[in-house]
Amino acid sequence: MFAYDLKLAIDSLKRTPGLSALMALAIALGIAVCAVTITIYHAVSSNPIPHRSQVLHAVTLDTWDVDRPYDEDEPENPPTLLTYRDATTLYGSGAAPRSLIMYKSGDLMLPERAGVKPFHATLRITTHEFFAMFDVPFQHGGGWDAAADAGPQPLAVLSAETNDKLFGGDNSVGRTVKIGSTEYRVAGVLEPWAPSPKFFDLNNGVFEDPEDVYLPFGWGRVLELPVHGNTQCWKSENQSSYTDFLNSECVWLQAWAELPDARARERYQAHLDNYARSQKATGRMQRPLNNRLYDVEQWLERNEVVSRDNRVLLGIAFLFLGVCLVNVVGLLLAKFLNAAPLTGLRRALGASRRDVVRQHVTEVLLLGLAGGVLGILLAIGGLAGIRMLYDDEYTRASYERLTAVDPVVVLATLALSVLAGIVAGLYPSWRIGRTAPAVYLKSQ
Amino acid sequence: MLEMQNVTKAYRTDLLETHALREFSLKVEKGEFVAVTGPSGSGKTTFLNVAGLLETFDSGSYRLDGEDVSRLGDDARSQVRNRRIGFIFQSFNLIPDLDVFDNVDVPLRYRRLPAAERRERIDAALELVGLASRRKHLPSQLSGGQQQRVAIARALAGDPALLLADEPTGNLDSLMARQVLDLLEQINEMGTTIVMVTHDPELARRAHRNVQVIDGQVTDYKPYEPSSATVTPLHPAVAGGASRA
């Protein structure tokens, strides 16, 4: 019977091509707006490391000025970064089962490969736990150990893209890369890896690609590698040397701790507070105790990765879809009632109410599907349009990730369009199903 | 075949109540050809709609082919309409964008018959009405008389026990009207009970029995005399081969 319903639905849509196209277009417009908004919302709100998001915690200490909070609008929020002194002390304490400290830097990469010009490489200066804690996949080799951090040893881990660029995608473990004036031996090459949002560093572009090269943490101090990201200071201090900078109250380091359960979290929280108290005794950290641990989802929320605007936009998009559907309901009612004499005839010839409703629901399903496919095409065009709005490479790269067509969203959108079709078509179908067959037979 | 006892039917609005049928009683025997006549607004079409289960009624009883169909639900009514009743309308009521074959196919689709059986029944019905060669024609490519014959084929393909005709020749010229009436007589002779609503006295005269309806009541009723009917079986594909499912 479904085949017959499908045939009737196609015949009915063909009978009124203009009206059918108009209804499909109305659904498509609503779906396209929703799909674009959902794509962006999905990109910003997805959990980039769901299997470890409860375990990984961003570490914060309120080291800010006693006279004014770090965030004037939300004074309860401590700074998102740590001073070098606090970060290295906490890291060295070993209070967490596993922890890391890191920052973003950059330097000139001098490739040996013929034809590859020197380029500015982004660097992540990090302690060795980075790869294990964030579950970073390697295609060749691996990371380094604590001794390499302390040494520091001239080891580097390359991103897949950097390895492609420098070594044509070969296994480059053991080979040498020259960054600035220092040569490093390649210890490992990553698989293509780009968590989105880039949860472990929300200070430097939420949707930015991860860095080109990873270096042991000790190189930062030894080579005085600059911070390529936020450095925030509240105190006027004499900083005439890199050592002055390291000893300052400026915050610029990201710290993460792996805390497998509530008890570990409580213990580490107590450790943070005790450390803060000890610092108070030396005259630092005069603000009330406000040291916080954030798991990944809390961290994304704290950094407003999903802004209120995103949520409002999502609401408006669905409202727009609703308006489109109301119009479709009106058009469907007009169409179905216009064809009521035919429906009355079919009822007289033996179609039950259920047959009639099913036949019309099949038609709106088809309409919803057509609207969905058209809507997805419009959405793909819309997302491409958003990308084209941004000229500079940096912003465009961020938006490319943000506006990438996601198969999950495509499937969800198709389901949404079919659902929208059913929602729009249910009342007209039910209404036409209630029509007494005799009413229209004379007028047929 | 058809037995109505004291059937009443009123149409109500906020301001008005119109009694279309009042204590309407009628018995039609199997194999009869009954003409129902009466002035406009007398209730003929309402009777036909109630008889065809296209409308419900307020009180009374209605037995069709021995079964009480007074209070059936929508599914059951649709099934009875589909399997036991055939309709012929004044304006033919063919679906304009379906060809002859597909028009005749419509009631069979709702009976969920297999394709081969549907094809056999449609071929036999079109053969009976003399339109086997026009199966791929659209209604607009046929004359009025041919369209009415397609409608008759559609009614017959389901092998109904009762054929209800509402002014079947009302939209036809006299020659075509005669052809359609000849066909109805032939179908009746094959054993199908026919109840026909008509204004046309000449048409009514060719029925076995005339029933006059005035103000929603039967005013002139004569019982059926079976000797006047000659019963010849329907085409095997329509009647014999396929059981009345």
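Residues numbered from 1 in each chain as written. Chains lettered and ligands numbered in written order. Predicted model: local features only at pLDDT ≥ 70, side-chain atom pairs only at ≥ 80, totals over all residues. Heavy atoms only, no water.

1. As for the pairing of strand β6 (residues 176-179) of chain A
Residue and element names in this part refer to chain A. Threshold: Residue burial is assigned from relative accessible area. The probe radius is 1.4 Å, only protein chains are included, and a residue is buried under 20% of its type maximum, exposed over 50%, and partly exposed in between. Here a strand is any run of E in DSSP of at least two residues, a helix any run of H or I of at least four, and the numbering for each starts at the N terminus. Here the rule is simple: two strands pair whenever DSSP picks up at least two bridges between them.
By the alternation rule, side chains of β6 split into V177 and I179, which are all buried, and T176 and K178, of which none is buried. Bridging between strand β2 (residues 98-110) and β6 involves two bridges; their strand directions are antiparallel. If you follow L110 over to β6, its bridge partner there is K178. Pairing analysis gives four bridges linking β6 to strand β7 (residues 182-190), with the strands arranged antiparallel. Each bridged residue has a counterpart across the sheet, and for T176 the counterpart in β7 is R185. Turn length for the β6-β7 hairpin, with the two strands adjacent in sequence and antiparallel, is two residues, and the turn residue G180 shows positive phi of about 65 degrees.

2. So, the confidence of the model for chain B
Residue and element names in this part refer to chain B. Quick note on the threshold: The quantity called pLDDT is the predictor's confidence in a given residue, expressed from 0 to 100. Contacts between residues were defined by any pair of non-hydrogen atoms, one from each residue, lying within 4.5 Å.
Confidence in the prediction of chain B, expressed as mean pLDDT, is 86, and 89% of residues score 70 or more. Scored below 50 in pLDDT, residues 227-235 makes 18 contacts in the model with residues more than four places away or belonging to other chains. Considering only residues more than four positions removed or in separate chains, one finds that residues 240-245, a stretch of pLDDT under 50, has 13 contacts. Overall fold confidence for the complex sits at a pTM of 0.66, while the interface term, ipTM, reaches 0.85.

3. Thoughts on the sheet that holds strand β1 (residues 2-12) of chain B
All names here are of chain B. Definition in use: Every axis corresponds to a line fitted to the C-alpha atoms, with the helix fit spanning only the stretch in contact, and the corresponding angles, defined between N-to-C directions, vary from 0 to 180 degrees.
Pairing is antiparallel across the open sheet formed by four strands, whose spatial order is β2-β1-β4-β5. The open sheet is flanked by β2 (17-28) and β5 (67-68), the only strands paired with a single partner. Against the sheet, helix α1 (residues 44-51) contacts β1, β2 and β4 (59-64), and its axis sits at roughly 115 degrees relative to β1.

4. Overview of the packing of helix α5 (residues 144-157) of chain B against helix α6 (residues 174-189) of chain B
Residue and element names in this part refer to chain B. Here is the rule we go by: For classification purposes, angles smaller than 35 degrees are called roughly parallel, those larger than 145 roughly antiparallel, those between 65 and 115 roughly perpendicular, and all remaining angles oblique. By definition, turning the near helix anticlockwise from the far helix through less than a right angle yields a left-handed crossing, and turning it clockwise yields a right-handed one. Each residue is assigned to one class: nonpolar for Ala, Val, Leu, Ile, Met, Phe, Trp, Tyr, Cys and Pro, charged for Asp, Glu, Lys and Arg, and polar for all the others, Gly among them.
One way to put it is that α5 packs onto α6 with a least axis distance of 9 Å and a crossing angle of 15 degrees. With respect to their mutual orientation, α5 and α6 come out roughly parallel. Of the two possible hands of crossing, α5 and α6 adopt the one that is right-handed. Residues G144, G145, Q148, R149, I152 and L156 of α5 lie in contact with α6, whose contacting residues are M176, Q179, V180, L183, L184 and I187. Its residues assigned to classes, the contact of α5 with α6 comprises seven nonpolar, four polar and one charged.

5. Here's the deal with a negative patch on the surface
To be explicit about the condition: Residues qualify for a patch when their relative accessible area is over 30% and they have no salt bridge, like charges being joined within 9 Å and the nonpolar side chains of Val, Leu, Ile, Met, Phe, Trp and Tyr within 5 Å. Only the protein chains shown count as covering a residue, and every accessible area follows the Shrake-Rupley method with a 1.4 Å probe. Throughout this description, the term salt bridge denotes a Lys or Arg side-chain nitrogen within 4 Å of a carboxyl oxygen of Asp or Glu. For the purpose of counting charges, residues Lys and Arg are taken to be positive, whereas Asp and Glu are taken to be negative. His and the chain ends are not included. Here the site of a charge means atom NZ of a Lys, CZ of an Arg, CG of an Asp or CD of a Glu.
On the surface, a cluster of negative charge is contributed by E72(A), D73(A), E74(A), E76(A) and E304(A). On the secondary structure map, E304(A) appears in the loop between α10 (296-302) and α11 (308-338).

6. Focus on the nonpolar core
To keep it simple, the criterion reads: As used in this record, nonpolar core signifies buried Ala, Val, Leu, Ile, Met, Phe, Trp, Tyr and Cys residues forming a set joined through side-chain atoms within 4.5 Å.
Ranked by internal contacts, the top residues of the largest apolar core, which has 65 residues, are L2(B), M4(B), F47(B) and Y62(B). Sequence-distant contacts of Y62(B), that is, excluding residues within four places in its chain, are made with L2(B), E3(B), M4(B), V50(B), A51(B), L53(B), F57(B), E67(B), D68(B), V69(B), S70(B) and L162(B). In terms of nonpolar packing, the next biggest core, distinct from the first, is built from 45 residues, F217(A), V227(A), Y242(A) and L272(A) among them.

7. Remarks on the packing of aromatic side chains
Note the following rule: Only the six-membered ring of Trp is used, alongside the rings of Phe and Tyr, when aromatic pairs are assigned; centres must lie within 6.5 Å, and planes under 30 degrees apart are stacked while those over 60 apart are edge-to-face, with the rest tilted.
Tallied over the full model, the rule gives 28 aromatic pairs over all chains. Note on Y4(A) and Y110(B): the rings are 6.1 Å apart at their centroids and 75 degrees apart in plane angle, and the pair reads as edge-to-face. Taken together, the positions of Y4(A) in helix α1 (residues 2-15) and Y110(B) in helix α3 (residues 100-110) put the pair across two chains. Neither Y4(A) nor Y110(B) differs from the other in exposure class; each is buried. When the centroid spacing of 5.3 Å and the interplanar angle of 40 degrees are considered together, the rings of F130(A) and Y214(A) count as tilted. With F130(A) in helix α4 (residues 130-133) and Y214(A) in strand β8 (residues 213-216), this residue pair connects regions lying 84 residues apart in the sequence.

8. Remarks on the state of the cysteines
Residues and elements named next belong to chain A. Short version of the rule: When two cysteine sulfur atoms lie within 2.5 Å, the pair is treated as a disulfide.
Counted according to the given criterion, the structure contains one disulfide over all chains. Two residues share a disulfide in this structure: C233 and C250, whose sulfurs sit 1.9 Å from each other. Note on the C233 and C250 pair: the S-S dihedral is about 110 degrees, so by sign convention the disulfide is right-handed. Taken together, the residues span a long stretch of sequence, with C233 in the loop between α7 (218-222) and α8 (242-247) and C250 in the loop between α8 and β9 (254-258) at a distance of 17 residues. The thiol of C34 is not disulfide-bonded; the next cysteine sulfur, from C324, is found 8.4 Å away.

9. What about the pattern of salt bridges?
Summed over the entire model, instances satisfying the criterion amount to 35 salt bridges over all chains. Residues R124(A) and E211(A) are paired through a salt bridge, measuring 2.9 Å at the closest nitrogen-oxygen approach. Taken together, the positions of R124(A) in strand β3 (residues 119-126) and E211(A) in the loop between β7 and β8 put the pair 87 residues apart, joining distant regions of the chain. Relative accessible area serves as the criterion here: at 1%, E211(A) is assigned to the buried category. As a salt-bridge pair, E55(B) and K9(B) come within 3.6 Å of each other at their nearest N and O atoms. Taken as a pair, E55(B) in the loop between α1 and β4 and K9(B) in strand β1 lie far apart in primary sequence, 46 residues in all. This pair shows no difference in class: E55(B) is buried, exactly as K9(B) is.

10. Re the interface of chain A and chain B
To keep it simple, the criterion reads: Joining two parts hides part of their accessible area as seen by a 1.4 Å probe, and the buried area is that hidden amount summed over both. Polar contact criterion, stated in full: a pair of N or O atoms within 3.5 Å, where within protein one must be able to donate a hydrogen and the other to accept it, and residues adjacent in sequence count only if both atoms are side-chain atoms.
Contacts between the two partners involve 25 residues from chain A and, on the opposite side, 27 residues from chain B. In this assembly, chain A packs against chain B so that about 2,300 Å² is buried in total across both faces, 54% of it on carbon and sulfur atoms. The interface formed by chain A and chain B contains five salt bridges. Between D97(B) and R15(A) there is a salt bridge whose closest N-O contact spans 2.5 Å. Counting across the chain A and chain B interface gives eight residue pairs in polar contact (both at pLDDT 80 or more). Breaking the side of chain A that touches chain B down by element, the ones donating at least two residues are α1, α12 (340-348), α13 (353-388) and α16 (437-441) of chain A. Classifying every residue of the side of chain A that touches chain B by side-chain character gives eleven nonpolar, four polar and ten charged.

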